[in-house]
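# Coordinate analysis (summary)
Here is how the chains run, residue by residue.
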Amino acid sequence: MILSGFPRFIRFRVSPLSQNLKQPKNNLQTLSHSTYHHGIVSCLSTIPSKPISSSQLQIPMFLREPIYSATVSDLEKWKNWAKTLVYSVGSKFLEIDNGPEVNTLCREIQWLIEDVVVEEQRVSTEEKVVKLRTEMDQLYFLWKQRIEMRRPFQYIVGCEHWRDLILCVQEGVLIPRPETEKIVELVQEVVAKDNGLSEGLWADLGTGSGALAIAIVKVLGTQGNVIATDLSPIAASVAEFNVKRYDLQDKVEIRQGSWLEPLEDLKGKLAGFISNPPYIPSDQIFGLQAEVGKHEPRLALDGGENGMDDLLHLCEGATSMLKPGGFFAFETNGEKQSKFLVNFMMNHPESIFQDVRIVADFAGIERFVTGFCQ
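Residues numbered from 1 in each chain as written. Predicted model: local features only at pLDDT ≥ 70, side-chain atom pairs only at ≥ 80, totals over all residues. Heavy atoms only, no water.

## So, unusual backbone geometry
- Positioned with a positive phi, arginine 150 is a non-glycine residue whose angle comes to about 55 degrees.
- Among the secondary structure elements, arginine 150 is positioned in the loop between α5 (136–148) and α6 (153–157).
- With a phi angle near 55 degrees, arginine 163 is a residue other than glycine that sits in the positive phi range.
- Along the chain, the position of arginine 163 falls in the loop between β6 (159–162) and β7 (165–168).
- Owing to a relative accessible area of 25%, arginine 163 belongs among the partly exposed residues under this scheme. (Helix = DSSP H or I, 4+ residues; strand = E, 2+ residues; numbered from the N terminus. Buried < 20%, exposed > 50% of the residue type's maximum accessible area, 1.4 Å probe, protein only.)

## So, helix α2 (residues 72–89)
- Across its 18 residues, α2 extends 26 Å between first and last C-alpha, which sits within 8% of the 26 Å expected from 1.5 Å per residue.
- Just downstream of α2, glycine 90 is the residue with a positive phi angle, here 60 degrees. (Expected span 1.5 Å × (residues − 1).)

## Things to note about helix α9 (residues 211–220)
- For α9, the tally of buried residues reaches nine of 10 residues, placing the bulk of the element in the interior.
- Among all positions in α9, only Ala211, Leu212, Ala213, Ile214, Ala215, Ile216, Val217, Val219 and Leu220 are buried.
- Among the residues trailing α9, glycine 221 stands out with phi positive, at a value near 85 degrees.

## As for the sheet that holds strand β11 (residues 270–275)
- The sheet built from seven strands is open, its strands ordered β10-β9-β8-β11-β12-β14-β13 with mixed pairing. Looking at the sheet topology across the chains shown, the edges are occupied by β10 (252–256) and β13 (353–360). On average, adjacent strands in this sheet sit at an angle of 15 degrees to one another, irrespective of strand direction.
- Both β11 and strand β12 (residues 322–331) contribute to a ladder of five bridges, which runs parallel. What sits directly across from glycine 272, in β12, is phenylalanine 327.
- In this fold helix α10 (residues 233–245) packs onto β9 (225–230) and β10, with an angle of close to 170 degrees to the strand it touches most, β10. (Pairing = 2+ DSSP bridges. Axes fitted to C-alpha atoms, helices over the stretch in contact; angles between N-to-C directions. Contact = heavy atoms within 4.5 Å.)

## As for the pairing of β9
- Here β9 lies mainly inside the structure; five of its six residues are buried.
- Here five bridges tie strand β8 (residues 201–205) to β9, and the two strands are oriented parallel to one another. Among the inter-strand pairings, tryptophan 202 is bridged to a residue of β9, identified as valine 226.
- In terms of handedness, the path from β8 via α9 over to β9 forms a crossover that is right-handed.
- Across five bridges, β9 lies against β10 in parallel orientation. Considered in β10, the bridge of valine 226 is made with valine 252. (Right-handed = clockwise from strand over helix to strand, strands pointing away.)

## Focus: the packing of aromatic side chains
- Within this structure, the stated rule accounts for seven aromatic pairs.
- Each member of the aromatic cluster is reached from another via a ring pair, and the members are Phe273, Phe328, Phe330 and Phe353.
- In this structure, arginine 150 packs its charged tip against the face of phenylalanine 93, placed 4.1 Å from the ring centre. (Phe/Tyr/Trp six-rings, centres within 6.5 Å; stacked < 30°, edge-to-face > 60°. Lys NZ or Arg CZ within 6 Å of the ring centre and 35° of its normal.)

## Examining the nonpolar core
- Trp78, Leu112, Trp143, Val187 and Trp202 are the most contacted members of the largest nonpolar core, which has 73 residues in total.
- No other element matches the nine residues that α9 contributes to this core.
- Each of domain 1 (61–157) and domain 2 (173–373) contributes no fewer than three residues to this core.
- Leu266, Leu322, Leu341 and Val342 belong to the second largest nonpolar core, which has 32 residues in total. (Core = buried A, V, L, I, M, F, W, Y, C linked by side-chain atoms within 4.5 Å. Domains from an automatic or database assignment.)

## Some words on the packing of α2 against helix α4 (residues 102–116)
- As a packed pair, α2 and α4 sit with axes 10 Å apart at the nearest point and diverge in direction by 160 degrees. With respect to each other, α2 and α4 are oriented roughly antiparallel. Between α2 and α4 the crossing geometry is right-handed. On the side of α2, the interface is formed by Leu75, Trp78, Lys79, Ala82, Lys83, Val86 and Tyr87, while α4 contributes Val102, Leu105, Cys106, Ile109, Gln110, Leu112 and Ile113. (Parallel < 35°, antiparallel > 145°, perpendicular 65-115°, else oblique. Left-handed = near helix turned anticlockwise from the far one by under 90°.)

## Observations concerning the pattern of salt bridges
- Applying the stated criterion across every chain, the model contains 15 salt bridges.
- In this structure, the salt-bridge partner of glutamate 291 is arginine 150, at a minimum N-O distance of 2.8 Å. Here glutamate 291 is found in helix α11 (residues 290–293), whereas its partner arginine 150 is found in the loop between α5 and α6, with 141 residues between them in sequence. Like glutamate 291, the residue arginine 150 is buried in the burial classification.
- Between glutamate 264 and lysine 267 there is a salt bridge whose closest N-O contact spans 3.4 Å.
- By relative accessible area, which is 45% here, lysine 267 ends up partly exposed.
- Where salt bridges share partners, they join Asp97, Glu108, Arg146, Arg150 and Glu291 into one cluster. (Salt bridge = Lys/Arg side-chain N within 4 Å of Asp/Glu carboxyl O.)

## Details of the pairing of β7
- Burial along β7 is two-sided: Leu165 and Leu167 facing one way and Ile166 and Cys168 facing the other are all buried.
- Between the antiparallel neighbours β6 and β7 lie two residues, among them arginine 163 with a positive phi of about 55 degrees.

## Quick notes on the side chain of aspartate 310
- Mapping aspartate 310 onto the fold places it in helix α12 (residues 309–321).
- Among buried charged residues, aspartate 310 stands out as having no salt bridge; its nearest opposite-charge side chain is arginine 298, 10 Å away.
- There is a polar contact of 2.9 Å between the side chain of aspartate 310 and the side chain of tryptophan 259.
- Apart from the residues within four sequence positions on either side, aspartate 310 is in contact with Trp259, Pro277, Pro278, Asp302 and Gly303. (Lys, Arg positive; Asp, Glu negative; His and termini not counted. Polar contact = N/O pair within 3.5 Å; in protein donor to acceptor, adjacent residues only side chain to side chain.)

This is the structure we're talking about:
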């Protein structure tokens with residue numbers, strides 16, 4: 001089985017986006033894993049050369065060959081140096097933009113070691129050597145990037161844990177957030193009540209890493225399928241890689257293109273329509289945490305002047321894409337956007353929606369708008 005080498009331990013960490021984008025004084029936890037399974041690496045060679053070549057994909061740390069080595073004392077020296085950098089920063093990041101604090105960064109040091117170190121080998125009676133998935137010089141370089149450039153930890157290790165998935169991510173791909181997991185639960189609820197929805201074709205618009213598409217198709221079971229779209233060639237390729245890692249290429253199809261454009265052949269045929277689109281107002285992008293505003297793709301964050309550009313486009317598109325009884329779920333920036341969206345959908349002259357409602361996320365924020373096509 002392709003996932004047989006997956007990890008036993010879950011590492012909880014603070015997400016630099018999550019509620020911070022919408023509620024500046026809060027952070028949510030995300031998860032990250034450490035593991036290794038050599039067979040999965042071979043998937044890189046099977047990823048289509050378009051939209052980007054396999055050589056442009058970043059192999060996550062936990063999938064790399066452990067071809068390097070270092071002494072335990074060298075590793076301890078690096079760990080002490082990394083902690084010194086962290087303590088030199090102190091609460092600076094937290095004070096500037098509600099960024100990671102000392103305890104979080106120290107935990108990341110340990111998680112990075114877990115991803116890099118494979119096993120210990122006693123070379124002599126006096127010295128132990130560890131096998132590594134990257135060189136020691138690179139380890140120094142990566143941690144300098146984390147502290148000096150505020151590069152997201154997920155991009156450094158090349159993955160993020162989301163629900164029961166380990167998703168490969170890299171620059172150019174939005175890091176999946178925990179609140180988005182609620183969409184999967186909403187889909188679970190509706191397909192449990194309507195077998196017709198579980199047997200139909202679904203679409204995930206702006207799929208990013210493929211998180212929602214993969215999770216949704218696992219919920220649908222043997223009969224359902226998902227088509228996922230993304231304008232970004234990097235995101236489309238990373239999503240394809242993640243789909244192949246979970247051996248779901250017969251159930252999830254990735255199409256590169258802007259929102260509904262790749263779905264022209266499916267008008268009126270979709271059983272479900274989900275999306276976590278860009279919804280941050282343009283003038284708020286530069287006020288985000290450095291990990292987000294400086295590193296994550298603006299294409300996946302910027303929702304226009306009031307953050308509603310893509311949400312409104314998707315609402316209008318849902319009218320033509322969903323079959324009667326079809327379900328939709330959109331993530332928004334919070335209460336204000338959600339209420340505006342509900343009003344727009346219920347009072348639009350061509351509205352064909354029913355049972356449109358707002359659903360709160362795990363933190364109680366009114367974040368999701370759901371409903372059905374008549």
